[in-house]
Amino acid sequence: MEQRLMQCVKKHGLFFTTMLSVVLGLGVGVLVREYGSLSRLHRYYFSFPGEILIRMLKMVILPLVFSSIITGIAALQSEASGRIGLRAILYYLTTTVMAAVLGAVLAMIIKPGELWHSTDVDLAGTSGEVSMVDAMLDLIRNMFPDNLVQACFQQYKSKREALSLPAVNASQNVSMKDYKVEASYSGSINLLGIMMFCVLFGMSIANSGEQGRLLLELFKALNEATMEIVQIMMFYMPVGMFFLIASKIIEVEDWDIFRKLGLYMLTVLAGLVIHSMVVLPLLYVLVVRRNPYKCAWGMAHALLTALMISSSSATIPVTLHCAERNNRIDKRITRFMIPFGATINMDGTALYEAVAAIFIAQINNYPLDIGQIATISITATAASTGAAGMPNAGMVSMIIVLSTVGLPVNDITLLLIVDWLLDRCRTAINVLGDAFGAGIVEKLSQKELEMMEGITLS
């Protein structure tokens, strides 16, 4: 018994330590908030150790994405990689649609916005104007960056500027409205474009025969070295988590808003729980025929990290670590699927956007028919796919969903008040979906993986 306990502590000691640091962070945050009086400057200094954790994780994103995707694609035969990629995309699309539909159904059943109106809460700030066409074109543009170095720290983003044109008929005092679209860049990494380049580069290496093998070995070495760095970073995780959660508790100014938006938050959280505890595990059981909750437990450290730092992209190193070392998923699958899933698999975001759109419609007494609800579900699926895996990136795609069905975009500022909390929860669900997806695709691709092993041995 004592030996088993020691083995459990040795295997999961870091996770339990991180959990303890989160609990202590919650307690210290509440105590400092109630009995202390930290100035803004002191709060800024207090959050410094947590900021270092996020910076450490973001530091290894680029080398990890480059090395993992290139080695993953190059290790697969072109025909096999096409089949595995098709299965991955089919899984992402299926689960995202299911999440969006689930969110819409729950919002129509619970009706979180019918008890009060948007005037009950002060709206602050503006949401800006976003065109769905421009957003989709930007998504495609970002898939093919014109400067790969710039893609490492900036994304392309169209900026609309309204122009007032004189009327064609001088007798009518009516001006025509037109728009000028200008190119601009936002300060966030263009993961989609980098991954597209890595896929093409990996396929080129795979088709280069013996000449490409030396280059493949180089990227394999880079990947292993980066994972060793991640392993070292894990020991700082409890310290960073403690200060992250404590500083966030101290920063929250209006706790009363959680009571006012309680039913809306409950609807979103209920959907996330159903999707993560019922829908995804059911898919996993049907395909893999294994205990899904054991798989989820193996990803516990990654889920906790996603919950704390609210970024599926920054969680990539921990997700890869858990999927490969705890769940024993084939590296050829994880190094292809995990980086891609962090960018295009947004189950939690799609569910959240469907609930939020119907909630805004309800608080404005805007009736929705079946066609509009279906439009919301489809648009939430499309808008969430490809959303940057960074904090609050879902709010941009949320504007697209509202604009599609003609809902007031300014009401999105109402959701920003509690988005910091819901964003963390949906990010954790996104990461869990990536893990289940890797296990499902590995099971479906056993024939291709065994065939490649046979070719390698021969």
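Everything here concerns the structure above.
Criteria and thresholds
- Residues numbered from 1 in each chain as written.
- Predicted model: local features only at pLDDT ≥ 70, side-chain atom pairs only at ≥ 80, totals over all residues.
- Heavy atoms only, no water.
- Core = buried A, V, L, I, M, F, W, Y, C linked by side-chain atoms within 4.5 Å.
- Buried < 20%, exposed > 50% of the residue type's maximum accessible area, 1.4 Å probe, protein only.
- Contact = heavy atoms within 4.5 Å.
- Helix = DSSP H or I, 4+ residues; strand = E, 2+ residues; numbered from the N terminus.
- Expected span 1.5 Å × (residues − 1).
- Patch = residues over 30% accessible without salt bridge, like charges linked within 9 Å, V, L, I, M, F, W, Y side chains within 5 Å.
- Areas by Shrake-Rupley, 256 points an atom, 1.4 Å probe, with all protein chains shown as cover.
- Salt bridge = Lys/Arg side-chain N within 4 Å of Asp/Glu carboxyl O.
- Axes fitted to C-alpha atoms, helices over the stretch in contact; angles between N-to-C directions.
- Parallel < 35°, antiparallel > 145°, perpendicular 65-115°, else oblique.
- Left-handed = near helix turned anticlockwise from the far one by under 90°.
- Nonpolar A, V, L, I, M, F, W, Y, C, P; charged D, E, K, R; others polar.
- Phe/Tyr/Trp six-rings, centres within 6.5 Å; stacked < 30°, edge-to-face > 60°.
- Lys NZ or Arg CZ within 6 Å of the ring centre and 35° of its normal.
- Disulfide = S-S within 2.5 Å.

Considering the nonpolar core
- Membership of the largest hydrophobic core comes to 73 residues, with the highest contact counts inside it found for V65, I69, I333, F340 and F436.
- When neighbours within four sequence positions are excluded, I333 is seen to be in contact with I84, A438, V441, E442 and L449.

Let's talk about helix α10 (residues 237-251)
- End to end, α10 covers 21 Å across 15 residues, agreeing with the expected 21 Å (1.5 Å per residue, within 8%).
- With respect to burial, α10 is a largely interior element, eleven of its 15 residues being buried.
- Listing the buried residues of α10 in full gives M237, P238, G240, M241, F242, L244, I245, A246, S247, I249 and I250.

As for a nonpolar patch on the surface
- The grouping of L93, V97, V101, V105, I109 and I110 at the surface amounts to a nonpolar patch, some 480 Å² of accessible area in total.
- Position of L93 among the secondary structure elements: in helix α5 (residues 78-110).
- According to the relative accessible area criterion, L93 is partly exposed, its value standing at 47%.

Regarding the packing of helix α8 (residues 191-206) against helix α16 (residues 331-344)
- Two elements in contact, α8 and α16, have axes separated by 10 Å at closest approach and are oriented at 150°. In terms of orientation, α8 and α16 fall into the roughly antiparallel class. The two elements α8 and α16 cross, and the hand of that crossing is left-handed. Only P339, F340, T343 and I344 of α16 make contact with α8, whose side of the interface consists of L191, L192, M195 and V199.
- Class assignment of the residues belonging to the contact of α8 with α16 gives a composition of seven nonpolar, one polar and no charged.

A word on the side chain of N327
- Inspection of the secondary structure assignment puts N327 in the loop between α15 (316-325) and α16.
- Sequence-distant contacts of N327, that is, excluding residues within four places in its chain, are made with K294, C295, G298, M299 and C322.

Structural notes on the packing of aromatic side chains
- Taken as a whole and judged by the stated rule, the model has twelve aromatic pairs.
- Both rings, one in F66 and one in F197, keep their centres 6.5 Å apart while their planes meet at 70°; by these two values the pair is edge-to-face. With F66 in helix α4 (residues 61-74) and F197 in helix α8, this pair connects stretches of sequence that are 131 residues apart.
- With a relative accessible area of 34%, F197 lands in the partly exposed category.
- Three or more aromatic residues joined by ring pairs form one cluster here, namely F66, F197, F201 and F219.
- The ring centre of Y352 lies 3.9 Å from the NZ or CZ of R426, which sits over that ring.

Concerning the environment of I189
- Among the structural elements, I189 can be located in the loop between β2 (176-186) and α8.
- Residues I189 and I61 lie 128 residues apart in sequence; the distance between their C-alpha atoms is 9.7 Å.
- Apart from residues no more than four positions distant in its own chain, I189 is found in contact with I61, L62, A151, C152, F153, Q154, Q155 and I194.

Brief notes about the state of the cysteines
- Overall, the coordinates contain zero disulfides when judged by the stated rule.
- With no disulfide of its own, C198 has C152 as its nearest cysteine by sulfur position, at a separation of 9.1 Å.
- The exposure class assigned to C198 is buried, which follows from its relative accessible area of 0%.

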